[in-house]
Structures are given as C-alpha cells and as structure tokens.
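# Structural characterization, general
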Amino acid sequence: MGSMRMSVAVVTGAGRGLGLRIATALAGRGHRVVAVDIDEDGAKGAAAAVGGRGFGCDVADRDAVRELAERVGPVDLLVNNAGIWRFGPLLDLGRADVVDVVNVNLLGTLWCVQAFAPGMADGGGGAIVNLSSGAARMHSAGTGVYPVTKNAIEALTVQLAVELGPERIRVNAVAPGSILTEATARILGPAERAERDRTIPAGRMGRPEDISEAVAYLASDAAQYVTGQVLYVDGGLTSGRVAAP
Ligand SMILES: NC(=O)c1ccc[n+]([C@@H]2O[C@H](COP(=O)([O-])OP(=O)(O)OC[C@H]3O[C@@H](n4cnc5c(N)ncnc54)[C@H](O)[C@@H]3O)[C@@H](O)[C@H]2O)c1
C-alpha cells in the first residue's frame, strides 16, 4: 500500500453478511472494492451498494479464481471472508459435508492468496486478512469440520505471514465470536440469542461492524508492524462465560 493510485480491496463472500459489511467499511475508507461471491447477483448488488466492481466466482474453483485475478489486475488488499458450515456429528458426516467445507473455507482461502498475492500493490506490499472463527478455540459437539477448517486457516495465516513477509505482504486473521447476521439469525432462536447476550462477557452478541472495524484496522497502515496474528473479536466469548443470574 502507500502508492498514489487508489487501493484495490478484494472481499470474498461480499454478497451479504459480514462480507458485505466489510466491503462497506473498506469502501468508506477509500478502497476501491472488488466484491466476489458465488452468488453473482449478491456480488453485483454489493458492488452497486459500495461503488465498486462485482464478480460471481466460486473460491473453491482454483481455475476460476485465477481467471478472476487476471481480470481484476493488481490488488492491495485481500479479505478471505467466504465461508460455509455444515453442522452434524463427525461420525455421521457425509463426504460432501466434509469436502465442501474444506474446499471453500481452507482451500478457497489458499487459492485466492495464490491468485491475488503475486504482484500485490504492484509488487510493493499489501495485506491479507482471513476470517477464522471463535469456533476454532471453543469446540462444540455437532459442528462438523467447520472448526477444523478455521484452525487450519489460523495455521495458514501464520505460515503465509512468514513466507510473504519478504514480499512486504502482511497476513492476519480475524476470529469473530457470535455475530448476529442473516445467517446466524436463521439458526439461533430468540431464547438462544438472549442466552448469549446474558453469558458473553461483553453483554451482547457481536454486530457485523465489530468485525468490519477489526478487518479495516488490520488492513490499514496503523497495523503495518502486525503480521501472523489472529485477532479474536468475540466480546470475551472464547475466554469464558458470565454466570447466568
Ligand atoms: N456470523 C458469525 O457469527 C460468524 C462467526 C464466526 C466466523 N464467521 C465467518 O465469517 C465469514 C462470513 O460469515 P457470514 O456470517 O457473513 O456468512 P454468510 O453465509 O451470511 O455469508 C457468506 C457469503 O459467502 C458466500 N459464499 C459461500 N460460498 C462461497 C464460495 N464457494 N465462493 C464465493 N463465495 C461464497 C455466500 O454466497 C455469502 O454471500 C465466514 O467465513 C464465517 O465462517 C462468521
């Protein structure tokens, strides 16, 4: 970063939820956003909302990601936000429930880094922010391989930080706790939400802007000496629970 041209920021899974919020926050800080989503309409809608470009692309499809990177050209920032989960007990998981989650969460992150990191900021540096999850630290039965992929993303973040350090590319991750998005609202009933508001040390579930602010910080020059880190933005959820009154 730091060049005179406007910084270009790729955000995957930008069609809705945290990705859309992150795209909005980065656009508000002067980045030209490239919104990427498997849902092409979602990507275009996000692009229209934040004044950027939008592309339909499955991050798990390595060739498609490479073609996309050629079309987009040099970027300064990559936010690997696209992620899916298929919950169920490990012993009962079908092959697709394992392969799809690994393909999108872990391999999709790596394919995007391989495609967008070379030539980042015209070879002058850049930043990558990956999305982990509080689930990487706090395992709950029945969450399939989702927590496994998020632990792997944290390990990948550290290894990438080491390998890409000499290219002046910083690589960090944000691990959201329990954040209220369209996706989590579908699976959490009012009683479960109230329970979380009572037991999370910060006294509430997270908001999408809690995450977008953390991503924006790690992407910014204010974090120019921060790399290889995972920032837990969870209101204390993974540290412990407040006893219910
Ligand atoms: N919401 C939370 O509480 C929470 C907590 C911890 C971690 N996270 C992580 O944050 C990220 C975003 O979560 P969210 O709640 O906004 O989810 P979401 O389901 O609302 O949004 C995910 C977006 O990614 C897109 N997507 C899915 N598969 C894709 C693929 N193969 N290629 C490109 N795009 C794809 C979807 O179309 C969707 O627009 C995920 O990585 C998730 O694991 C979320």
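Residues numbered from 1 in each chain as written. Predicted model: local features only at pLDDT ≥ 70, side-chain atom pairs only at ≥ 80, totals over all residues. Heavy atoms only, no water.

The protein chain has the name Oxidoreductase in an unreviewed UniProt entry, where Streptomyces violaceusniger is given as its organism.

## Notes on the pattern of salt bridges
Counted by the stated rule, this structure contains six salt bridges. With a closest N to O distance of 2.7 Å, Arg198 and Glu195 form a salt bridge. Taken together, the residues span about one helical turn, with Arg198 and Glu195 both in helix H7 (residues 190-199) at a distance of three residues. Residue Arg198 is classed as partly exposed on the basis of its relative accessible area, which comes to 41%. Where salt bridges share partners, they join Arg86, Asp97 and Asp100 into one cluster. (Salt bridge = Lys/Arg side-chain N within 4 Å of Asp/Glu carboxyl O. Helix = DSSP H or I, 4+ residues; strand = E, 2+ residues; numbered from the N terminus. Buried < 20%, exposed > 50% of the residue type's maximum accessible area, 1.4 Å probe, protein only.)

## Focus on unusual backbone geometry
Here Ala121, not a glycine, exhibits a phi torsion of approximately 50°, which is positive. The residue Ala121 is located in the loop between helix H4 (95-116) and strand S5 (126-131) in this model. You will see that Arg168, though not glycine, has its phi angle at about 60°, which is positive. Following the sequence through the fold, Arg168 ends up in the loop between helix H5 (146-164) and strand S6 (169-176).

## Considerations on the site of the ligand
Near the ligand, the surroundings consist of 26 residues, among which Arg16, Leu18, Asp37, Asn81 and Tyr146 are the closest. Within the side chain of Arg16, one N or O atom sits 2.8 Å away from an oxygen atom of the ligand. Between the ligand and the protein, one listed contact pairs a nitrogen atom with a side-chain N or O atom of Asp58 at 2.8 Å. Notes on the ligand: free accessible area 830 Å², of which the protein chains cover 94%. Elements supplying a minimum of two residues to the shell around the ligand: helix H1 (17-28), H5 and helix H6 (182-187). Partitioning the shell around the ligand into residue classes produces 13 nonpolar, nine polar and four charged. (Near = heavy atom within 4 Å. Polar contact = N/O pair within 3.5 Å; in protein donor to acceptor, adjacent residues only side chain to side chain. Areas by Shrake-Rupley, 256 points an atom, 1.4 Å probe, with all protein chains shown as cover. Nonpolar A, V, L, I, M, F, W, Y, C, P; charged D, E, K, R; others polar.)

## Here's the deal with the sheet that holds S5
Reading across from one edge, S3-S2-S1-S4-S5-S6-S7 is the order of the seven strands in this open sheet, with parallel pairing throughout. Among the strands making up the open sheet, the edge pair consists of strand S3 (53-56) and strand S7 (230-233). The average undirected angle you get between the axes of adjacent strands in this sheet is 15°. In this sheet, strand S4 (residues 77-80) lies alongside strand S1 (residues 8-12) in parallel orientation, the contact comprising three bridges. From the neighbouring strand, Ala9 faces S4, where its bridge partner is Leu77. Contacts from helix H3 (residues 62-72) reach strand S2 (32-37) and S3 within the one sheet, and its direction differs from that of S3 by about 160°. Strand contacts of H4: S1, S4 and S5, with the helix running at about 170° to S4, the strand carrying the most contacts. (Pairing = 2+ DSSP bridges. Axes fitted to C-alpha atoms, helices over the stretch in contact; angles between N-to-C directions. Contact = heavy atoms within 4.5 Å.)

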